[in-house]
Each structure stands twice: as C-alpha cells, then as structure tokens.
Amino acid sequence: MNLNLLPQWDIEQELEEEIINDNVERPPLVGKSPYIPPGLYNQSWEKAQDAYGPATLTPYYIEGLASDNEGDNQFASYGLYAATTHQGSVYEASGMAIPFLVDMIINVEHTQPIAASYFLARIALGESHFINTPNDLVMTRQREYHYEILKYADKLKTFYLETENEEVERLLCLYKGVLPDYLNLEYSNPTRQAAAIIAQGFIAAERRLTEHIEVVKKMMYESPSLLVRGASAICLAFSNETDADVLQLLYYLAEQKYPYIAFSWNQIQDMAAEAWLYAVDTETLLSQPDTEAPPAPQVTSIEDLIQLKNQSGKILGANIKLTRAIQNEFPVDRQIPYQYEELSPLQIRILRQCMEKNIELYPFRQYHLPDNTFALKRLLNQSDELLCKKVSTNYDELTGAPLWYKIECWLENEIYFSRQAVVRAISLVDTWALAQEVFSDHRCTLSLHSSFGDGIKERKTDKLISLFADALYSKSDVAITFLCRQIKTDQAKGTIKNIELTAIALLTLARQGKLSSEYFCLIKPYHNFIEYTPYTLPILSELLSYTPPQHQEKIAADVELYCISEKEDYEEDYEEDYEEEDYSEEENFIFVKQYGWEILKGCKGEWVVSRIIDAVNAWKNIQAERKDEITGDPFPYPDAVEILKNQSEVDKELIYGLPRF
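Residues numbered from 1 in each chain as written. Predicted model: local features only at pLDDT ≥ 70, side-chain atom pairs only at ≥ 80, totals over all residues. Heavy atoms only, no water.

Novice: Before we move on, could you go through the packing of aromatic side chains and cite the residues and values that matter?
Specialist: For the coordinates displayed, the defined rule picks out nine aromatic pairs. Plain terms: the ring middles of Tyr 41 and Tyr 60 are 5.3 Å apart, the flat faces sit at 65° to each other, and that makes the pair edge-to-face. Here Tyr 60 lies in helix H1 (residues 58-64) and Tyr 41 lies in the segment before strand E1 (49-50), a separation of 19 residues in the sequence. In this structure, Arg 192 is placed above the aromatic ring of Tyr 187, and the distance from its NZ or CZ to the ring centre is 4.4 Å. Here the guanidinium or amino end of Lys 463 rests over the ring plane of Trp 410, the centre of that ring lying 4.6 Å away. (Phe/Tyr/Trp six-rings, centres within 6.5 Å; stacked < 30°, edge-to-face > 60°. Helix = DSSP H or I, 4+ residues; strand = E, 2+ residues; numbered from the N terminus. Lys NZ or Arg CZ within 6 Å of the ring centre and 35° of its normal.)

Novice: Help me get a handle on helix H19 (residues 419-427), residues and values and all.
Specialist: Inspection of H19 places Ala 421, Val 422, Val 423, Ala 425 and Ile 426 among the buried residues, and these make up the whole buried set. Here the buried face of H19 lies against helix H18 (403-412), helix H20 (431-438) and helix H21 (456-471). (Buried < 20%, exposed > 50% of the residue type's maximum accessible area, 1.4 Å probe, protein only. Contact = heavy atoms within 4.5 Å.)

Novice: Account for the pattern of salt bridges, naming residues and giving values.
Specialist: Within the structure shown, the criterion is met by 13 salt bridges. Asp 72 is paired through a salt bridge with Arg 26; the nearest N and O atoms lie 2.5 Å apart. Of this pair, Asp 72 sits in helix H2 (residues 70-83) while Arg 26 is found in the segment before E1, placing the two residues 46 residues apart along the sequence. Given the relative accessible area of 13%, Arg 26 is considered buried. Its salt-bridge partner being Arg 511, residue Glu 542 comes within 3.0 Å of it at the nearest N-O pair. In this pair, Glu 542 sits in helix H24 (residues 537-545) while Arg 511 sits in helix H23 (residues 499-511), placing the two residues 31 residues apart along the sequence. (Salt bridge = Lys/Arg side-chain N within 4 Å of Asp/Glu carboxyl O.)

Novice: An account of the packing of helix H15 (residues 318-329) against helix H16 (residues 345-356) is needed here, citing residue identities and associated values.
Specialist: Between H15 and H16, the shortest axis-to-axis distance is 10 Å and the interhelical angle comes to 155°. Considering their axes alone, H15 and H16 lie roughly antiparallel with respect to each other. In this structure, the crossing between H15 and H16 has a hand that is left-handed. Of H16, the residues touching H15 (which contributes Leu 322, Ala 325, Ile 326 and Glu 329) are Leu 346, Gln 347, Ile 350, Gln 353 and Cys 354. Residue composition of the contact of H15 with H16, grouped by class: six nonpolar, two polar and one charged. (Axes fitted to C-alpha atoms, helices over the stretch in contact; angles between N-to-C directions. Parallel < 35°, antiparallel > 145°, perpendicular 65-115°, else oblique. Left-handed = near helix turned anticlockwise from the far one by under 90°. Nonpolar A, V, L, I, M, F, W, Y, C, P; charged D, E, K, R; others polar.)

Novice: Provide a residue-level description of the environment of Glu 356, including the pertinent values.
Specialist: Within the secondary structure, Glu 356 sits in helix H16. By relative accessible area, which is 64% here, Glu 356 ends up exposed. Along the sequence, Glu 356 and Thr 373 sit 17 residues apart, while their C-alpha atoms lie 9.8 Å from each other.

Novice: An account of the nonpolar core is requested, with residue identities and associated values reported.
Specialist: Within soluble globular proteins, side chains that are nonpolar generally end up buried alongside one another. In this structure, Leu 101 and Leu 446 are the most contacted members of the largest nonpolar core, which totals 165 residues. Broken down by element, the residue count for this core peaks at ten residues, all from helix H10 (residues 226-238). Not counting chain neighbours up to four residues away, the residues in contact with Leu 446 comprise Asp 371, Asn 372, Arg 378, Leu 387, Trp 404, Ile 407, Glu 408, Leu 411, Val 438 and Leu 464. (Core = buried A, V, L, I, M, F, W, Y, C linked by side-chain atoms within 4.5 Å.)

Novice: Can you explain unusual backbone geometry? Please cite residues and give values.
Specialist: The omega torsion across Arg 26 and Pro 27 is -10°, close enough to zero to call that bond cis. Position of Pro 27 relative to the elements: it lies in the segment before E1. Residues other than glycine seldom take positive phi values, yet Arg 208 does so here, at roughly 55°. Looking at the element boundaries, Arg 208 is found in the loop between helix H8 (190-207) and helix H9 (213-222). With relative accessibility at 54%, the residue Arg 208 sits in the exposed group. With a phi angle near 60°, Asn 240 is a residue other than glycine that sits in the positive phi range.

Novice: Describe the environment of Leu 403, naming the residues involved and giving the relevant values.
Specialist: With respect to the helices and strands, the residue Leu 403 is situated in helix H18. Each C-alpha atom of the pair Leu 403 and Val 429 lies 9.9 Å from the other, and the pair is 26 residues apart in sequence. What Leu 403 contacts, discounting residues up to four positions off in sequence, is Leu 386, Leu 387, Lys 389, Val 391, Ala 425, Ile 426, Val 429 and Leu 434.

Below, the structure is given as structure tokens:
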C-alpha cells in the first residue's frame, strides 16, 4: 500500500464549548423539558449516595439533559459526570439513574439520546466511555452496574433498529450478542460510516463472522475518506483478516499526530494501535523498527503501559511492543522462578530486548519474571556474580542450580529447599560479598515477585537478612569491621546507611552474644527525620530483644515524645473541620495510630505493655462511638487486654494481630 496516496482526513471544526454562566442557582431548572421519565422524582434519592453525598440533585441532572435551556444542559452534564461516574467510580445513585437514562433514550422524540447513552456507557465501563478493542467485550472493564444496563438491551436494540442512532450503536457494542450480525455500512457521512465499520469489527471478533469482509476490504482501498479506510483496517484486524496492507495502514495511523477529526473519533490513534497489537504476531513485534519510543514509564499495570504516549503523539514504542510480546509468550501461572535452561529462544530474545532497551520490569510480576536488571542478567546467564555460581552441597538434589535460583526458590516456597541447605550454600562462598550483591544500591537485586502494598517483598527481605545472619555466624570479624565503619558514618550524618547490611551485621553479632553496647546507637527506630523507620518491625523487634531494658525504654520514650507532638499538630490541622470533636479520649489511640505503632508492637517492658493496653481500650471506645468513620469492623481480639495484663512482656503474635491503620 502506497501511504503517500492516501486521502486526507475529513477534518471537522473543533467544538469550542462555552461555559454558560447565567448566575442561576439550580435546581429548579430554568428551561422546560419535552419529556420527563415517569417516576423520576418519586425515588428516595436523598437516601442514595453519589460521589459527594446524598444524591438529591441526580433527578434534576437527568431531566436537565433534555432541557431547552443550554445552561440546564451543562448543569446536567457536569453534574452526572462528577457525581454518578466520578473518576471512573460508580455509586448507588449511578444504578438508580440507569432506568431513567434508558427511558430518556427510547422515549425522547428530539435528537438527544447522545448524552444519556454516553452516561450509560460510563456507568458500564467507568472512565472510558467506549471500547478500543474486542477484549473489552469480554467484560474486562465492566463496573458494578454493567449487567443492570444489559437488562434493557432489548429496548435499546429496538430503538437502534428504528433509528440507527450512532451513540446507541456504540453503547450496544459493550454487550455480546445484542447488535445484529451484519450492520448497515453504507452511510454517506464518513464519521457515521466509520462508527458502523468499527462496530462490525467488534461483532466479528466475538462471533467469527465473514460476510462483511469483502465489503470492508473494498472500502479500505477505495474510500475517499481516510477515516473510513482506517476504520476498515481496524475492522479487518479484529475480524482476523489481516495482511501486510492492513498492518501497514494501522501502524501508520497509530504513529501519526492528527488534527482534530470529530468529537467521537478523537482517539483514533489508540484504536489503531490496539488493532495492530491485536493482529500482529510476536516475531513482528520484535523485528519492527522502533519509532520515537517514549521514555521508561513509571506505571503500575500493563494497561497503563499500553496507553502511554510521548509528546510527539507516537504510541507504538519499544515498551508497548515488548509488553505485548511478554503477554504473548510468557504464562501467568508460573509459581517458581525461571531457570535460564527452561526459556525458549523466543523468550530469551524478548528478555534481551527488554534489557537492551532498559524497559521497566516491575509491571511483569504477574508473569513471575525478574523485576530488576540485575536479576534479568542472571536469568540470561550474562553475569559472573557470585549469585550465578553453582554450589553443590549434601543438603539438596539440585546441585547444578545457581545460587540465585536456590535462594529465590526458598523465598518463594520453603518446600523447594530447606533453610539449612540454603544457609550451607551461601556459607560456601564469600558470604559478605554475596550479601553486598543482593543488597546493591539500597535495592534487593533478587526477584521477590511482590505486588504493590501486599507486604510480600518486605517479608522476604526480612527472611533474607535473617538467612545471611545465620550464614555469617562464624565470620563475626567481617560484621564488626562493617559496623565500626557504620558508627562513624551514622554519627557524622545522623542517618543509618545500608540498612539491610547493617541489620545483617547486627543480627550476626547478636545471635553470637557479641552485641556490645557500642553498637546500640545503630539499633534505633528513627534517624534525623523521626517519621522514617530504617528497620522493619520483625528485625527491630529481634534486635531490641538483645538490648537492656533501659535502651528499650529510651526508644519508647522517644516515640511517645514524637507522637504527642504529632497529636498536637493533628488537632491543630483539623480544628476547623472537627471543632466539635474531643480528642482527649483518643490520646492513646492517636499515639498508636501515628508512627509509633510499629515500634510499640516490637518493644518489651512493663511501660510498653501498659501503653498498649490503654491503646486497645481507646480503640474499643472510639469504635463504639464512631464505628462508620473508622472501619465498621468489630475489634478482632476482645480478650487482648486481659491477656496482656497477665503477662510480663508483649506477646508478639497477639500484638501483630491488632488493628492497623
């Protein structure tokens, strides 16, 4: 296909919407609506919630969509957008609005079903009110009330067959089996024609239809509208009728920066890119020359990565292609780390490109792939680090496995190797040098396969620290040398550097009974900025157990002093919003809620026990008074107070189970 001979875009005038400010306080509405859905104002809207509280304005928003006053129209549109589908979320009011929005579509005689169908689609899918790929047809993005709208599919389909309304056609694309197998594709308006062709492609992806293919192919080559040609290429890709011309046109469309085309087609780049990724194979993904690739993204999901654009408008950069290649070639149900012998040649090529192009790896945790460059190099056997060394012991059968594989398998599930076997394997090499490889630049270089916020990575890091402390048991001189250097650094700068290595060295000495008082300055919960905790709770708890009571009491007193200060700031910041609140009863609750909670759980001593008892009582009192404002859950350990009173030190397992905030 000669791309230079393609027609130009059918450019429509960009809508310059003017905000109507008539200084009228609504409701009531200013204009009149030719149709108000029956029963709209008979619902208990005040008992339903929208994004901002009781949904008392929602019926006015719905009626305002059909008002003959432009100010009413804007009041209604902005109101529904912000209250019932706020930032992609839906609310009780969203579900209550569905039958009335459907009623507005199928009964209003003027040409105003557009806004109502738009908001129904937003309620069904969230922030994105339309779909870019047939994958959305399998309900991958539906919201809570998706099926509530499906209940009205027959009525909406009848309206569509009578009117061929474009917006209702787009809405019905969200639901399998609702639209007819073959749509009317012969419209004189290019925008309307393109919409029908896209919808036909979604239907074909669902039902594997073929009768439209010849007609659509002819349009792709002969239409005077580039928009229609692009829609045809998208339709053919989703119909699994892909050839070189289709892929070339889709890639061209995805990589161009367009002028404004039409209100309903301002995301043509995304749709073309999705269609290209839908149709292309892995070999093409890897061999396609890079265009101007976006910078390494900071994303939390594959979907964020696919939607990423750079300033030039090009969206099919190396990141996007490699992301799709990983999706194609790596299973998601792998439970243990990969060995490089198990990778296929194609998988190795993908990972090598990821490394060469410096692709961020952490979005691929669900594929159990390495989450950092260090681990990726080891997986591809391109590193000569100690972690790549194969160490044979009498404790395991996988004598040929490299150290990193043994350690990661043990971290993933201890049934693969015993702790004794892993400690033995680590002790056979330069253990301290190995620890420095693992904790390089304040980052663990192993793949711990953690998701955001689940705490798995933190717990595995603690296990690693404990593991290395056991392996260094007979090499305390290395730990002493390191800690002496750390004391000088800490005293000079007021901070603890190399936290993980410091914890390993401290635990090594502590478990041998060699933890002298000169090292106590490194066992503290906070440094210059008291809100930051260098050690995790299990590590700090064990270290404190090797220190005398006066050291523990000093740390607890420092925490109390800080938390009281925080409480005063807390009350001052929220004084205007909570003037009627009395915080005196919450003093112990605030004490624990703020940064001291983690420390208190790991400390021992009668003073700490009594402090936690008071905190537990405060929690119970506050929950009884303000149940809905906290969690609404009952206190999980009703006998905790009595248990604590009858023991001389904090039961760690019990305290670990207390509520977290």
